[in-house]
Every structure is written in structure tokens, then in C-alpha cells.
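Letter by letter, the chains look like this.
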There are 2 protein chains.
Amino acid sequence: MNLKELAQKLNLSPTTVSRALNGYPEVNDATRDRIMAAAKRYNYRPNTRAIRLATGRAMAVGHVFPVATKNEIMNPIFADFIAGAGEVYGANGYDMLLSVVADGAEAATYRDLKSRGAVDGVIMHAVRTFDERIATLQELGIPFVSHGRATGIEGDYSWVDVNNRRAFLRATEFLLDLGHLRIGLVNGREDMDFAIRRRTGYVDALVGRGLVPDPSLMANDEMTELAGYRAANRMLAEANPPTAFVAASMLSGMGVRRAIEGHGLKMGRDVSVIIFDDELSYLRNGDDLPIFTATRSSVRDAGRIAAQMLLDLIADPASGPLHRLLEADLILGQSTGPAPRAA
Amino acid sequence: MNLKELAQKLNLSPTTVSRALNGYPEVNDATRDRIMAAAKRYNYRPNTRAIRLATGRAMAVGHVFPVATKNEIMNPIFADFIAGAGEVYGANGYDMLLSVVADGAEAATYRDLKSRGAVDGVIMHAVRTFDERIATLQELGIPFVSHGRATGIEGDYSWVDVNNRRAFLRATEFLLDLGHLRIGLVNGREDMDFAIRRRTGYVDALVGRGLVPDPSLMANDEMTELAGYRAANRMLAEANPPTAFVAASMLSGMGVRRAIEGHGLKMGRDVSVIIFDDELSYLRNGDDLPIFTATRSSVRDAGRIAAQMLLDLIADPASGPLHRLLEADLILGQSTGPAPRAA
DNA sequence: ATAAAAAATCAAAGCGGTTTCAAAATCTTT
DNA sequence: AAAGATTTTGAAACCGCTTTGATTTTTTAT
């Protein structure tokens, strides 16, 4: 059943039917009711392809996900971010288009999406420092929202971000307050912008207390259990091992815990751990009683916010750039305790 | 730059240009070369919206992901499956459309995708026993491939699945061979079809050795760290605790390990654990030396295979239904050892 | 009752491609 | 060199909707 057929059944022109269905005012109320009823009865749904061609709008949003090429790692926050964003799209009649593309080859994908007219806007993921994608997107003139900010980019753009620096500053200060003096940082990949900001927070906290950051206590790698394990393991094997860790994710933290226990120590008693918790649905940090002390900010919420921001931006590009900085909460769990007395 | 403009620049009709670009034979080779060159030079990409309307094909595949409503849990295998499938779509000029929808409300989404003509086919995720979605999709006449089979469905349909029963049979037999007699099963949600198959494998192994499965040693819940921890913790607190576990996922296994260690025991020495490993990119089971002994089958591969199968099915619906049963490998890790001598 | 204004409806032209059918150009054959 | 066959190109219809610019109908004012 298409518009023309429906119009015929009603003895009306497609024009009037289209207007009635789209809520234009210049339609007689009685006529509109008649049309609405018929549309429902015949289960009429306008063809998306035709709407898109006629209006020039794609009614779709693109998410371009980079995959870390060297080890094919997908960012685990992906699923929850998408879940949040998808909620918003669904409620607004937008489709979500997903491209999974090799790290660094995103620009071509954006260009493609644009020239094919496949999307009205995109969400940018996994921002790197000096990320050249921002310039690409601006140049292409696609409305976009970045999940995370990029240091070193001049010019303004829309973003949603967590206050990573502040979260890690607080986490580190929390450990310092507990008397820990050697604190390991198990951070994400060095080229990721958020990792830099997190390190800055960590360093600032140390320096603020007159401590000198020790490079051997800072690791950068994928935020996986294995990488977390390796980093912590290495640090614990040092002559002057840390008594506490700040880890960049739940998974990293789980790796750190394994390393701690592998050294015959107990997390929360011998070694403290504080993580950044993205509140991933399948990686809950306990429930009533959190396993890890954490700075917490929901990725799913970030997805919702970013999606809504993008839709706003598509509706009115002049309203941008828009920004939203989310603060992480500090959650007390079982993984932190006072620093052990010096031996 | 659209087709008409490009044709004008070349002093040709849109017809010829379209044919040349789409590889039709009735175009002079010289003309074709000229057209190809111009298309490249002007960076011409046909408008997807127009192609879709003109051809009636969406050139897009839908993935409808249910979210467990009660706790909003996304299936963690999601990201890697998508990564695999996305590769195939990208290579074939297809877009991937994602809908994240509440558990149980998928039928409406399928109907919507169909009537809007938004996709040419769909991939079905998270299959439940007696899954009514299969009938819905057949009735709608959308080509589809199911990731997982559904018990209790009469009639044939296309699927890609892992031999879950066999994997759990082997895992359980492996533990039995090591002398374990009380083996806990930390399984996925009871309404998930694969969980039933896995339990069958587990039960068959026990029964095959003359053992009687103990219901108190079988748990069903989300495959999260926390749920794994809880289930194992409960079993370990029993009067006659298990000396080994079979866990449904890497995350469950990590929870089981935490429970074991919480009881002052050591995994691999006091209690053995064997997991099902989906080879998620961000949850690698060690590298050279696996942490967990596991039955292993790559979800990303499954995504690739399912996507390719769906494209084949779209190209020639009569070629189906197609099936592909993947076998899981048994991988030796550090989490299993001989059963401790009875005290 | 009639002219002017307002409201409701419609015909037709897009949107940017594909595809059918006809026409033009080139090649064979005699 | 003419007729017929084959290649190559093009005009126009179409996909299913939106939207512009009439046109018709109804209402209001004189």
C-alpha cells in the first residue's frame, strides 16, 4: 500500500493525503480524520526510501567505529554507548548506521557517507590527540558530535565528554589521602586523548602533594584484562612496588587484581585499587557493595546525551557547537584501604 | 555532483553513464574508461537514497539487538559479532542498520523495518527457545539468518551456530577425566536457547559416566562477572562443594575465580574452571598461555559467516535455508588440574 | 447578491538514480 | 554500395514520496 493507492481509495489527491499525514495545517479536520483512519486501517507506512529521496534527509545517523588495527580490538564501551544512543534515535524516527572500520581509515568512510547522502550526521568515537577526523568532518560539513575531546585541535566543535582529568585527580588524591605514596597508573592507549587527560589528572594530584611522578609507574596499553594484568605485574615486581593502583577501566582493574593476587597479596588490604567505571551493563561493579572503589560515569548516558545533541544539531546546525562535560562520581568499594605501614 | 551533472560534463546521457558505472556490457570500452576516469576525478558517488528508491533494494542489513529489560544488559558478544559482520558488509557495499530494542519487542521492529523498506534482510540475535521471532520473520518474508538455533521451532530457517552441546560435553568430560565428580555449571539465562543446549551437554557428560546431575550445582543467570561470582560463591558455600566449574563465558569465569579466591582457594589447584571462550577482542583469554582452560569459538568469525550467509540469501532467496555449525576447540590453560584427593 | 479573502484541494514538477524501449552509429555480408 | 545485423547511445518512464504554484470551494465583508 503506497500513497497513491491510499489516495485513490479516499478519492483524494496524494498531496492532501501526504499533508494530512504529516500534520500540515491546511487540511480540513474532517478530511484529516478520514485519512488517518484509512491509513491505520490499511496499515499504511510511507516508504522510507522515497521520503529520503524527496526530502533530501537521510533520517539516519552514522556511527563510525575504529578497530585497533594491530590487535583488532574493539572498544568494549561500544555496546553500551550504542544502546544509549539507539534509544534516542528510535524515539525520534532515526536509523542508526554502523561502520566498523580500521583505525585511521575513518576519513574515507565519512567522505563516503557524506557523498552517498547516507546519513545526516555522525558520532565520532575513540578520539585521539590531534585527531584529524575533526577537521575532515568540518570540511565535509557533516553535523557531528564527538564522544571525547581532542587536545591540540584549534577551532570549536560539539562534544560530550567525561571530566577525565578531574576523575583521575580525585581518584589519585583519594589514594594519597589514604597514605599511599607509590601509586601505579594503568592507563589506556597513549594515543587516546582521554588517556592523556587521565594521566594529567594523576600527575597533577601527585605534584600537588609534592611528589615526583615515576615513569616506571605509568603504563599505557589497551584497556583489557590482560594488559592490566601485565602492567600491574611488572610494577609489582619492581624493587619499590606500588601500594596502590589507578586503573582506567573495570577490565584493567580485574587484570590488576589478578596480578596482585598472583603476588600473594590481597586487594583492598595490601594493595589498593581504584578504577574508572563506565558502568557497562555486562561489567557491573558489584551492586549494593561495589567491588572496586571507582570514579563512575555511565557510558550509556553519554550515548543518550551525544545522540540527542546530534539530533538537535541536525535540526538546527546554527545552534552549535554544543558541549557537555560529565562529572564522574566517586564510589567507595572494597578495593581500597589505608596504605600498609612501611616495612 | 550527481549523475546528470556528470553526464553533462561528458556530453553523454545519464543512461550511458549509469550503465558504464554499473558494469553493464553494452557500453563501448573507450566510453566506459572515459566515464570511469571522470567519475573518479569528480569524486562522484551515486546517491544511496536514489539508488534505493529506483532499485527497490535497501542495500542495507538490519541487526536487531534485544536488551534484557529487567537489568538493561546488552550482550557483550555484540561488539565483536558486529565487527565481523561489518567487515563483510563493507566489502559488499551494504550498510549495517542497528536497532537496540527491549527484549520481546523485536517483532514490531522487524515489521517496521520491512514495511518501511529499510533493509533487505536481518540478522537475529540472542535466540530464545520457542523463539516467536522466527515465525514473524518468515511470515514477513524478510531474508534472515539467526545467530543460534531455536529448539521447538518446526520448519527450516537459516542459522549459524556453535555446537554448544558438544562444547559443554567435552568440557565436562575433560573435568571428569581429571577426576572431578562434583562439577558446578555456571550457565547463561535459562530462556536462552544456547544455555539449554549447553546444559544438555553438561548433563549428558555426567550421565554418560553414571553420575546424577545435582540441580543445586546448576545456575542460570546473565553471563556477567557478578552473576558468575554469586553462583560460584553459593555453590562453594554448600556442604559438599564442587571441585570444578564449567562457566558459560569469560566474564562468568572471572566471577567464578573471584569466588574461589574469596574462599581462600586457588584456581587450577584447589578448584578447576573451564569456560566457553567467545574470543572477544577485549577479553582475550591470555595469549600464548591461556588463563582459563576453555572451549573456544570466535564470535567475530560467526559474525563474518552469518553476514556472508545473509548476503547470499538476499542475492538468491531460493538458495536457502542455509546452515553452519561451528565446532569449538578445546584449549588447555592454567585453570584446570586433577581433582584434589578426597579429604 | 457580489466581490474579496480565506480555506481546502489538486496537478505537476521535482528528488537522483535505474531501466525499458527506441534510435543512431557502426560493422558485416553479399 | 546497399541491406541487414550488431553495437552503442539516448529519451522518457518510473520508483514513492514532498512541495510549489495553481485552482476550486467556502467563508466573510460590502
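Our structure is the block above this text.
One structure accompanies this document, and this report is about it.

Rules behind the numbers
Residues numbered from 1 in each chain as written. Chains lettered and ligands numbered in written order. Predicted model: local features only at pLDDT ≥ 70, side-chain atom pairs only at ≥ 80, totals over all residues. Heavy atoms only, no water. Buried < 20%, exposed > 50% of the residue type's maximum accessible area, 1.4 Å probe, protein only. Helix = DSSP H or I, 4+ residues; strand = E, 2+ residues; numbered from the N terminus. Pairing = 2+ DSSP bridges. Near = heavy atom within 4 Å. Polar contact = N/O pair within 3.5 Å; in protein donor to acceptor, adjacent residues only side chain to side chain. Nonpolar A, V, L, I, M, F, W, Y, C, P; charged D, E, K, R; others polar. Least-squares fit on C-alpha atoms with pLDDT ≥ 70 in both. Contact = heavy atoms within 4.5 Å. Buried area = accessible area lost by both parts, 1.4 Å probe. Salt bridge = Lys/Arg side-chain N within 4 Å of Asp/Glu carboxyl O. Expected span 1.5 Å × (residues − 1). Axes fitted to C-alpha atoms, helices over the stretch in contact; angles between N-to-C directions.

Digging into the pairing of strand β1 (residues 60-67) of chain A
Residues and elements named next belong to chain A. Within β1, eight of the eight residues are buried, which leaves it mostly tucked inside the rest of the structure. Where burial is concerned, the two faces of β1 agree: the one with Ala60, Gly62, Val64 and Pro66 and the one with Val61, His63, Phe65 and Val67 are both buried. Both β1 and strand β2 (residues 95-102) contribute to a ladder of eight bridges, which runs parallel. Looking at the pairing, phenylalanine 65 lines up with valine 100 of β2.

Focus on the protein's contact with DNA strand D
In the vicinity of DNA strand D, 26 residues are found, and the nearest of them are Leu3, Ser18 and Tyr24 of chain A together with Arg19 and Thr31 of chain B. Here DNA strand D approaches the protein such that, of its atoms within 4 Å, sugar and phosphate make up 59%. Separating a base oxygen of DNA strand D from a side-chain N or O atom of arginine 19 of chain A is a distance of 3.0 Å. It is helix α4 (residues 48-55) of chain A that provides the largest number of residues to the surface near DNA strand D, a total of four residues. In the surface near DNA strand D, the residues fall into eleven nonpolar, twelve polar and three charged.

Some details on the relation of the copies chain A and chain B
Mapping chain A onto chain B calls for a screw motion: a turn of 180° about the axis and a shift of 0.2 Å along it, with 0.3 Å RMSD after fitting. Put plainly, the chains are arranged around a two-fold axis. The C-alpha atom lying nearest the rotation axis in chain A is that of leucine 97 of chain A; the distance is 2.3 Å. Here 100% of the contact residues of chain A are again contact residues in chain B; the copies associate through an equivalent surface.

Remarks on the interface of chain A and chain B
Of the residues lining the interface, 49 residues belong to chain A; the matching set on chain B comes to 50 residues. On the chain A side of the interface with chain B, the three residues burying the most area are Arg49, Arg116 and Tyr282 of chain A, jointly 17% of the side's total. Taken together, the links from chain A to chain B amount to eight salt bridges. One salt bridge in this structure joins aspartate 95 of chain A and arginine 116 of chain B, with 2.6 Å as the shortest N-O distance. Sorting the residues of the side of chain A that touches chain B by element identifies α4, α5 (78-91), β2, α6 (106-115), α10 (225-236), α11 (250-262) and α12 (299-315) of chain A as the ones contributing at least two each. Across the side of chain A that touches chain B, the residue classes break down as 23 nonpolar, nine polar and 17 charged. As judged from the three bridges shared by β2 of chain A and strand β2 (residues 95-102) of chain B, these two strands associate in the antiparallel manner. Paired with leucine 97 of chain A across the bridge in β2 of chain B is leucine 97 of chain B.

What to know about helix α5 (residues 78-91) of chain B
All names here are of chain B. With 14 residues, α5 ought to run about 20 Å at 1.5 Å a step, and its terminal C-alpha atoms sit 20 Å apart, in line with that. Burial of α5 is extensive: eleven of the 14 residues sit out of reach of the surface. Those residues of α5 not exposed but buried are Phe78, Ala79, Asp80, Phe81, Ile82, Ala83, Gly84, Ala85, Gly86, Val88 and Tyr89. Backbone geometry just downstream of α5 places glycine 93 in the positive-phi region, at approximately 75°.

Looking at the environment of histidine 147 of chain B
All names here are of chain B. The topology assignment puts histidine 147 in strand β4 (residues 144-147). Between the C-alpha atoms of histidine 147 and alanine 126, which are 21 residues apart in sequence, the distance is 7.1 Å. When near neighbours in sequence (up to four residues on either side) are disregarded, histidine 147 contacts Ile77, Phe81, Met124, Ala126, Val127, Val160 and Ala302.

Observations regarding the protein's contact with DNA strand C
Around DNA strand C sit 26 residues in total, of which Arg19 and Thr31 of chain A together with Leu3, Ser18 and Tyr24 of chain B are the nearest. Counted by atom, the contact set of DNA strand C within 4 Å of the protein is 63% sugar and phosphate. Side-chain polar atom of threonine 15 of chain A to a base nitrogen of DNA strand C: 2.8 Å apart, as the coordinates give it. At a separation of 3.0 Å, a phosphate oxygen of DNA strand C approaches a polar side-chain atom of asparagine 22 of chain B. Mapped onto the surface near DNA strand C, the elements with two or more residues apiece are α2 (14-21) and α4 of chain A together with α2 (14-21) and α4 (48-55) of chain B. Ranked by the residues each element gives to the surface near DNA strand C, the list is headed by α4 of chain B, at four residues.

A few points about the side chain of threonine 31 of chain B
Residue and element names in this part refer to chain B. Following the sequence through the fold, threonine 31 ends up in helix α3 (residues 29-41). By relative accessible area, which is 17% here, threonine 31 ends up buried. Apart from the residues lying within four places of it in its own chain, the contact partners of threonine 31 are Leu12 and Thr16.

With respect to the environment of alanine 231 of chain A
Among the structural elements, alanine 231 of chain A can be located in helix α10. Apart from the residues within four sequence positions on either side, alanine 231 of chain A is in contact with Val186 and Ala219 of chain A.

Comments concerning the sheet that holds strand β7 (residues 218-220) of chain A
Residues and elements named next belong to chain A. Strand order in the open sheet formed by six strands is β7-β6-β8-β9-β10-β12, and the pairing between neighbours is mixed. A strand with exactly one partner marks an edge of an open sheet, and here the two such strands are β7 and β12 (329-331). Put simply, the sheet's adjacent strands are angled 15° from each other on average, direction ignored. Where strand β6 (residues 183-187) lies against strand β8 (residues 244-247), four bridges are found, and the strand directions are parallel. Opposite glycine 184, over in β8, you have phenylalanine 245 as the bridge partner.

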